Amino acid sequence: MEDFINISSKSAHWLKSKDGCTYQMRSLIYDSNFKLDKETLIAMAWISFPNLLTTFFVKESLFSLASAVGKPLQLDLATINNTRSNCARVKVQLDLLADLSKFVMMEIEDEKTKEINVVKVRIQYDHLPKYCTECILQGHSNEECRFFILSHVTLERKLQMRERQ
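Everything in this summary refers to the structure shown in the same document. (Residues numbered from 1 in each chain as written. Predicted model: local features only at pLDDT ≥ 70, side-chain atom pairs only at ≥ 80, totals over all residues. Heavy atoms only, no water.)

## Some remarks on the sheet that holds strand E8 (residues 124-126)
Reasoning step 1: Ordered by their spatial adjacency, 4 strands build an open sheet running E4-E5-E3-E8, and the pairing between neighbours is antiparallel. Of all the strands in the sheet, just strand E4 (71-75) and E8 have a single pairing partner and so form its edges. Adjacent strand axes in the sheet meet at a mean angle of 40°, parallel and antiparallel pairs treated alike.
Reasoning step 2: As paired elements, E4 and strand E5 (residues 87-95) share 4 bridges and run antiparallel to each other. Its bridge partner lying in E5, glutamine 74 is registered against lysine 91.
Reasoning step 3: Of the strands in this sheet, strand E3 (42-50), E4 and E5 are in contact with helix H2 (residues 59-66), which crosses E4 at around 145°. (Pairing = 2+ DSSP bridges. Helix = DSSP H or I, 4+ residues; strand = E, 2+ residues; numbered from the N terminus. Axes fitted to C-alpha atoms, helices over the stretch in contact; angles between N-to-C directions. Contact = heavy atoms within 4.5 Å.)

## Quick look at the side chain of aspartate 126
Reasoning step 1: Mapped onto the secondary structure, aspartate 126 falls in strand E8.
Reasoning step 2: Overall, aspartate 126 belongs to the buried group, its relative accessible area being 13%.
Reasoning step 3: Apart from the residues lying within four places of it in its own chain, the contact partners of aspartate 126 are Trp46, Ile47, Ser48 and Arg89. (Buried < 20%, exposed > 50% of the residue type's maximum accessible area, 1.4 Å probe, protein only.)

## Comments concerning the pairing of strand E6 (residues 103-109)
Reasoning step 1: Note: E6 against strand E7 (residues 116-122), 7 bridges, orientation antiparallel. Within E7, the residue paired with glutamate 109 across the bridge is isoleucine 116.
Reasoning step 2: Between E6 and E7, which follow one another and run antiparallel, lie 6 residues, and lysine 114 among them has a positive phi close to 60°.

Encoded structure:
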C-alpha cells in the first residue's frame with residue numbers, strides 16, 4: 001500500500017532511457033470506469049483538520065473524519081509523531097468533481113454525563129489537483145484550458161467574420 005501511495009501521489013515521473021533521452025510518465029489511479037480518452041476523476045490530496053484537539057490525533061478518529069471527503073490512505077509523520085499540535089493531516093483518495101465538504105460534524109460523548117456534544121470540524125484542502133471538464137485532463141482548470149480558450153477564440157473570430165460580411 002505504501003508503494004501505491006508514493007507512486008500515485010506524484011503528478012509525474014521522469015524516466016531516462018538507454019540512449020540518454022528523458023520521458024515523462026504520469027501515473028493515474030485506475031478505476032472501473034476507465035476510458036482510454038479520459039483521465040480519471042480520482043486523485044490523491046492532503047486534507048488538514050486545523051485546530052482539532054490532539055486527543056483525536058489517532059488513526060481511527062482521523063480516518064473516520066477524512067472518510068467524509070474520500071478514502072483515507074495515510075497520516076503524515078507530524079500527525080503520527082504528535083509534533084504539530086495545531087493541525088492533523090490525512091492523505092485521501094477523492095473524486096475531483098465531487099462536492100467537497102468544508103466541514104464535518106463530530107459527535108463527542110461525555111463519559112460522565114453521557115451528554116453528546118456536536119463539534120463542527122473544518123476541513124482544509126492542501127494542493128487539490130485541478131481537473132478540466134473541457135478536455136477531460138487533470139492538471140489544469142477549465143479557465144486555464146488551451147483547448148477551451150482556442151475553441152472560443154476561433155468561434156469569436158468566425159462570428160466577427162460573419163458580421164463583416
